[in-house]
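The lines below spell out each chain.
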Amino acid sequence: MPKYILLMIIAILLFSCSSSIPEFDGEEAFTFLQAQCDLGPRTPGSDEIELCRNYITGELKKYGATVNKQKFTTVINKNEYDGINIIASFYPRMSRRILLGAHYDTRPWADKEKDSNLHNTPIIGANDAASGVAVLLELASIISQKQPPQFGIDLVFFDLEDMGEYGNNESWCLGSSYFAENFTEVKPEKAIIVDMIGDTDLEIDMEYFSYHNSPNLVNEVWDTAKDLGFTEFKSKITNKIYDDHYPLIVHGFNAIDIIDFEYPFWHTLEDTPDKCSPHSLYVVGQTLLNIIYTEK
Ligand SMILES: [Zn+2]
């Protein structure tokens, strides 16, 4: 075979490989973040969290996902709360699956405010809740329009992540705990949680429990981001964070958390959309798209 034909074939192959991974739209994702914040604080038991459920479910159905609501009841400090995890599946018959998760509830208390008079005021949660949900909804939009990925995709929107008491691990991540405890199907090959990934000043370290449990998956995600030129992903292991990936790890999932925990507005009234950027959503969303559209 003449050399130039071989080169042409290689070029065509390279082009078709790279063009088969869709482009993530950070601007559209940001509209999903803004829409959640426009509802107001989405605290457990509020009308607003119910509106948020309707919003998420409505978007997912628009994109053709099979949507299931997993209802559960839990008791926190003698108060009973009804939680609902929203589970959306694409290509439910594909046996190789990836689970992507984010929590949608927002913290009822701005208890990291300096002024203690504000500690009982609920937060808007632009970064701490809305950002992860926004990335997942944009992925749903893309998957519905493009060719099937290499994996069936389950998007899980967890409830009751953020009502915990500092220092009491059991009081956080109630939706994901219920989900993990009651999971009876074949486990997905990979489970990736996104939380607090909208920060304009995005820096994502490797989270300790994620790396300890699933070093290969952490390396795959961080290497993918590096190949895309996303310097926001840092190759250092920091912080043990009890987030929605933790109950999944406990129940045997290959699960990691993508989280930027260095966020000065965490659990304050300042966690608003102006602290977040479409570009940060893009960096995380595009990395996830490359993971789910690349044959491994
Ligand atoms: Zn939080």
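Our subject is the structure that appears above.
Residues numbered from 1 in each chain as written. Predicted model: local features only at pLDDT ≥ 70, side-chain atom pairs only at ≥ 80, totals over all residues.

Caption draft 1: Main features of the overall build of the protein. Secondary structure summary: the protein contains 9 helices and 8 strands in total. Here the protein has a C-alpha radius of gyration of 19 Å; the compact-globule value for 296 residues is 19 Å, and the two agree. The principal-axis extent of the C-alpha atoms belonging to the protein is close to 75 × 40 × 35 Å. Expressed as a percentage of the 296 residues in the protein, the buried residues total 45%. (Helix = DSSP H or I, 4+ residues; strand = E, 2+ residues; numbered from the N terminus. Rg over C-alpha atoms; globule rule 2.2 N^0.38 Å. Buried ≥ 20, exposed ≤ 12 C-beta atoms within 10 Å, placed from the backbone.)

Caption draft 2: Quick look at the nonpolar core. If you look at the biggest cluster of nonpolar residues, it comprises 82 residues, and the most contacted ones within it are Val 133, Ala 134, Leu 136, Leu 139, Phe 157 and Ile 258. Broken down by element, the residue count for this core peaks at 12 residues, all from helix α4 (residues 126–145). Contacts of Val 133, omitting those with residues within four sequence positions, involve Phe 32, Gln 36, Ile 56, Ala 102, Tyr 104 and Phe 157. (Core = buried A, V, L, I, M, F, W, Y, C linked by C-beta atoms within 7 Å. Contact = placed C-beta atoms within 7 Å.)

Caption draft 3: Highlighting helix α3 (residues 47–62). Here α3 spans 23 Å end to end across 16 residues, near enough to the 22 Å set by a 1.5 Å rise per residue. Within α3, the full set of buried residues consists of Ile 49, Cys 52, Ile 56, Glu 59 and Leu 60. In a view along the axis of α3, the buried residues occupy a sector of 100°, so they form one face of it. Facing away from the buried side of α3 by more than 90 degrees, the exposed set consists of Asp 47, Asn 54, Gly 58 and Lys 62. The secondary structure elements touched by the buried residues of α3 are α2 (26–38), β1 (66–76), β2 (79–90), α4 and β4 (152–158). (Expected span 1.5 Å × (residues − 1). Arc of directions from axis to C-beta.)

Caption draft 4: Geometry of the packing of α2 against helix α9 (residues 278–293). Between α2 and α9, the shortest axis-to-axis distance is 8 Å and the interhelical angle comes to 110°. Here α2 is positioned roughly perpendicular relative to α9, judged by the angle of their axes. Between α2 and α9 lies a crossing of right-handed hand. Residues Gly 26, Glu 27, Ala 29 and Phe 30 of α2 touch α9, and the partners they reach there are Pro 278, His 279, Leu 281, Tyr 282 and Gly 285. Its residues assigned to classes, the contact of α2 with α9 shows 5 nonpolar, 3 polar and 1 charged. (Axes fitted to C-alpha atoms, helices over the stretch in contact; angles between N-to-C directions. Parallel < 35°, antiparallel > 145°, perpendicular 65-115°, else oblique. Left-handed = near helix turned anticlockwise from the far one by under 90°. Nonpolar A, V, L, I, M, F, W, Y, C, P; charged D, E, K, R; others polar.)

Caption draft 5: Region of the structure containing the packing of α2 against α4. Between α2 and α4, whose axes approach to 8 Å, the crossing angle comes to 135°. By the criterion of interaxial angle, the relationship of α2 to α4 is oblique. Every pair of crossing elements has a handedness; the one defined by α2 and α4 is right-handed. The residues of α4 that touch α2, namely those facing Glu 28, Ala 29, Phe 30, Phe 32, Leu 33, Gln 36 and Cys 37, are Ala 126, Ala 130, Ser 131, Val 133, Ala 134, Val 135, Leu 137, Glu 138 and Ser 141. When grouped by side-chain class, the residues that make up the contact of α2 with α4 number 11 nonpolar, 3 polar and 2 charged.

Caption draft 6: Geometry of the environment of Leu 281. Relative to the assigned elements, Leu 281 resides in helix α9. Separated by 146 residues in the primary sequence, Leu 281 and Val 135 place their C-alpha atoms 6.2 Å from one another. Ignoring anything within four residues of it in the chain, the contact list for Leu 281 reads Gly 26, Ala 29, Phe 30, Ser 131, Ala 134, Val 135 and Gly 198.

Caption draft 7: Geometry of the sheet that holds strand β3 (residues 97–103). Strand order across the open sheet formed by 6 strands is β1-β2-β4-β3-β5-β8, with mixed pairing between neighbours. The open sheet is flanked by β1 and β8 (255–259), the only strands paired with a single partner. Along the sheet, successive strands turn relative to each other by an average axial angle of 20°, direction set aside. As paired strands, β1 and β2 are joined by 11 bridges and run antiparallel to one another. When the bridges of β2 are listed, Gln 70 appears paired with Asn 85. Packed onto the sheet, α3 meets β1, β2 and β4 and runs at close to 10° relative to β2. (Pairing = 2+ DSSP bridges.)

Caption draft 8: Highlighting unusual backbone geometry. A positive phi is found at Leu 160, a non-glycine position, where the angle reads about 50°. Turning to its location among the elements, Leu 160 is positioned in the loop between β4 and α5 (174–181). A positive phi is found at Met 196, a non-glycine position, where the angle reads about 55°. Here Met 196 shows up in the loop between β5 (190–195) and β6 (204–207).

Caption draft 9: Geometry of the environment of Val 221. For Val 221, the location among the structural elements is in helix α7 (residues 215–227). The spacing of Val 221 and Tyr 246 is 25 residues in sequence and 18 Å in space, taken between C-alpha atoms. Aside from chain neighbours lying at most four places away, what touches Val 221 is Ile 192, Ile 256, Ile 258, Thr 287 and Ile 291.

Caption draft 10: Highlighting α4. With 20 residues, α4 ought to run about 28 Å at 1.5 Å a step, and its terminal C-alpha atoms sit 27 Å apart, in line with that. Within α4, 17 of the 20 residues are buried, leaving the element largely enclosed by the surrounding structure.

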